[in-house]
Amino acid sequence: MKSYIKLTLWYMLIVMAISLFFSCVTYQIAFSELDRGFRQQPVVFRTTGPMAINFPTDDLIKARDDRIDEISHDLQLYLFYLNLIILILAGIASYFLAKRTLQPIEEMAELQSRFTADASHELRTPLTAIKTEIEVALRDKKLTLSEARELLGSNLEEIDKLKNLSDSLLRLARYQDKKSFAIKPDFYNLREIADLAVKNVKKAAKIREIMIENDVENKNIYGDENLLTELFTILLDNAIKYSGDGKNITVSSREHSLHIFEVLVADQGIGISPEDLTNIFNRFYRADLSRSSRNIAGHGLGLAIAKQIVEMHNATISATSEIGKGTTFCIRFKQAIKI
Ligand code: ADP
C-alpha cells in the first residue's frame, strides 16, 4: 500500500476515534439530561377530591417513554450523520495532509537515492579502469618494467581522481550539515581573498598560458575567509578548465545597489548552453560539451559546493554564458551580511 494512503488511514482513524468518543459523551450527557428532565417532572395532577394526588397514569407514562425513545433515536441519527460528515471531511483532509507531509520526505529520499546512484557511478568508472589495466597486465607474460611503470602511473592518475571525488563528497556533506559545521565569519579584504584564489590556480593557469586579472575592489567583506577562497578557487579552476589555451580570465567586483555588490568571474571559454545553465549547480551535473571537448576531468561537484558556500554567506550565484564566447559567474553579496 502506498505510504500516503497508509498515513491517510491513520489520520482518519485518529480523527474518527476522537469524534466517536465525543459523540458518545455528548449522547450520554444529552440522554441523561433528557431522562432526568422528563421523568422528574410530574406527568399529571389528579385534582379531584380534597387532596391532590401526583401519580402518572399508565398511558401517560407510556407516551412519555415513547417520546424519550423518539428523541433519543433522533439524537442517535443526528450523531450518526454528524460522524458520517466528519468521516468524509476527515478522509479528504487527511489525504491532502498526508500527501503534503510525505512529499518533502519522498523528495528527499529520491534525492538521496539518486545521489547514491550518481556517487556509485562516479566511483565505478575509475575503479573499473584500474581493474581492467591490472588484469590485462597480469595476463601479459612479457610485460616489461617500463610498461609496468606506465601502468602504475596510469593507476595513480585514476586513484587521484578517486581521491578528488571523495574529498569533494566529504566537503559537500560537511557544508550541508548545518548542525556540526559552522562558518567563522569576520571582516576580510575581498581583493586579498581573490588574490589567494588566483595563487591557488596559478600553476594550472601557467600550463595553459592563461592570464588571470584581479580587478576586485579593496573592500571588506563579512564572511569565512577559507570558504570564500575556496569559492573563488572553484570558479577560477573551472574558468581555466573550460577555456582554450591563452584565453584570459578576469575577476572583478561592482556595486549593484546601495546594499548589494557583486563579484564576477569571467572567462572566454567554451560557454554553456541555456539548457545546461539551469542545471550546472546540481550535484554531479556535467554539460555534454564539457564531457565531449578535450575530455575535461571533473565530477560535477564543484559548482554544487560553490552554491553551498554562497548560501552560507546569504548570497546568490548565477551564470550567464554564450557558447564559444565565454561564461561569467556572478556572486551577489549583501553588504551588511548577518550570519
Ligand atoms: P566539474 O567541473 O567537475 O564537471 P562543476 O560542478 O564545477 O563540475 O561544473 C559543472 C558543469 O558546469 C561542468 O561540467 C561544465 O559543464 C559547466 N561549467 C562550469 N564552469 C564552466 C565554465 N567556466 N565554462 C563552461 N562550462 C562550465
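Residues numbered from 1 in each chain as written. Predicted model: local features only at pLDDT ≥ 70, side-chain atom pairs only at ≥ 80, totals over all residues. Heavy atoms only, no water.

*Asks:* Looking at this model, I keep getting lost on the confidence of the model for the chain. Mind explaining?
*Replies:* The predicted coordinates ought not to be read in detail in places where the model reports low pLDDT. Per-residue pLDDT for the chain averages 89, and the proportion of residues at 70 or more is 91%. No element of the chain has a lower mean pLDDT than helix α8 (residues 288–292), which averages 63, and none a higher one than helix α6 (residues 225–241), which averages 97. (pLDDT = per-residue confidence, 0-100. Helix = DSSP H or I, 4+ residues; strand = E, 2+ residues; numbered from the N terminus.)

*Asks:* Quick question: what am I supposed to make of unusual backbone geometry here?
*Replies:* Generally, phi is negative for residues other than glycine and the peptide bonds are trans, each holding for most cases. Of note, Glu209 is a non-glycine position whose phi angle comes to about 55°, a positive value. At Asn314, a residue that is not glycine, the phi angle is positive and equals roughly 60°. Relative to the helices and strands, Asn314 resides in the loop between α9 (302–312) and β6 (316–322).

*Asks:* Can you walk me through the nonpolar core in this structure?
*Replies:* Within soluble globular proteins, side chains that are nonpolar tend to cluster in buried spots. By size, the foremost hydrophobic cluster in this structure holds 51 residues, and its most contacted members are Ile212, Leu236, Phe329 and Ile331. What Phe329 contacts, discounting residues up to four positions off in sequence, is Leu235, Val263, Leu264, Val265, Ile272, Ile280, Phe281, Leu303, Ile317, Ser318 and Ala319. (Core = buried A, V, L, I, M, F, W, Y, C linked by side-chain atoms within 4.5 Å. Buried < 20%, exposed > 50% of the residue type's maximum accessible area, 1.4 Å probe, protein only. Contact = heavy atoms within 4.5 Å.)

*Asks:* What exactly am I supposed to notice about a nonpolar patch on the surface here?
*Replies:* Together, Leu77, Phe80, Tyr81, Leu84, Leu87, Ile88, Ile92 and Phe96 give the surface a local cluster of nonpolar side chains, amounting to about 770 Å² of exposed area. Within the fold, Leu84 resides in helix α2 (residues 58–139). (Patch = residues over 30% accessible without salt bridge, like charges linked within 9 Å, V, L, I, M, F, W, Y side chains within 5 Å. Areas by Shrake-Rupley, 256 points an atom, 1.4 Å probe, with all protein chains shown as cover. Salt bridge = Lys/Arg side-chain N within 4 Å of Asp/Glu carboxyl O.)

*Asks:* In this structure, what is going on with the packing of aromatic side chains? I would like to understand it.
*Replies:* Each pair of aromatic rings is reported with the distance of its centres and the angle of its planes. Tallied over the full model, the rule gives 10 aromatic pairs. Ring centres of Phe80 and Tyr81 lie 5.5 Å apart, and the angle between their planes is 65°; on these two criteria the pair is classed as edge-to-face. The partly exposed category is assigned to Tyr81, whose relative accessible area is 46%. Residues Phe115 and Phe284 carry aromatic rings whose centres are separated by 5.6 Å and whose planes lie at 45° to one another, so their mutual orientation is tilted. One end of the pair, Phe115, is in helix α2; the other, Phe284, is in the loop between α7 (274–277) and α8, and 169 residues separate them in sequence. In terms of burial, Phe115 and Phe284 fall into one category: buried. Sitting over the face of the ring of Phe261, Lys219 holds its NZ or CZ atom 5.2 Å from the ring centroid. (Phe/Tyr/Trp six-rings, centres within 6.5 Å; stacked < 30°, edge-to-face > 60°. Lys NZ or Arg CZ within 6 Å of the ring centre and 35° of its normal.)

*Asks:* Help me understand the pairing of strand β7 (residues 326–334), please; the structure alone is not making it clear to me.
*Replies:* As a general feature of sheets, a regular strand has side chains that alternate between the two faces. Pairing geometry for strand β5 (residues 260–266) and β7, over 7 bridges, is antiparallel. If you follow Ala266 over to β7, its bridge partner there is Thr328. Here β6 pairs with β7 via 7 bridges, running antiparallel. Note that in β7 the partner of Thr320 across the bridge is Thr328. Here β6 hands over to β7 after 3 residues, with Gly324 in that stretch at a positive phi of 80°. (Pairing = 2+ DSSP bridges.)

*Asks:* Sorry, what's going on with the packing of helix α4 (residues 190–200) against α6 here?
*Replies:* Packing of α4 against α6 brings their axes to within 8 Å, and their N-to-C directions diverge by 50°. By the angle class used here, α4 and α6 are oblique. Crossing angle aside, the handedness with which α4 passes α6 is right-handed. Facing α4, whose interface residues are Leu190, Ile193, Ala194, Leu196, Ala197, Val198 and Asn200, α6 presents Glu225, Leu228, Thr229, Phe232, Thr233 and Leu236. Its residues placed into classes, the contact of α4 with α6 shows 9 nonpolar, 3 polar and 1 charged. (Axes fitted to C-alpha atoms, helices over the stretch in contact; angles between N-to-C directions. Parallel < 35°, antiparallel > 145°, perpendicular 65-115°, else oblique. Left-handed = near helix turned anticlockwise from the far one by under 90°. Nonpolar A, V, L, I, M, F, W, Y, C, P; charged D, E, K, R; others polar.)

*Asks:* Would you explain the sheet that holds strand β4 (residues 249–257) in this entry?
*Replies:* Two pairing modes exist for strands in a sheet, parallel and antiparallel, and in both the strands are linked by backbone hydrogen bonds. The 5 strands lie next to each other as β2-β4-β5-β7-β6, forming an open sheet whose pairing is mixed. Looking at strand neighbours, the two that pair on one side only are β2 (212–215) and β6, the edges of this open sheet. Here the strands of the sheet are splayed against their neighbours by 20° on average, with no regard to which way each runs. Here β4 pairs with β5 via 7 bridges, running antiparallel. By the bridge assignment, Val251 is partnered in β5 with Val265.

*Asks:* Please explain the environment of Ser318 as it appears in this structure.
*Replies:* Within the secondary structure, Ser318 is located in strand β6. A C-alpha to C-alpha distance of 10.0 Å links Ser318 and Ile280, two positions 38 residues apart in sequence. The contacts of Ser318, once residues within four sequence positions are left out, are Phe281, Thr328, Phe329 and Cys330.

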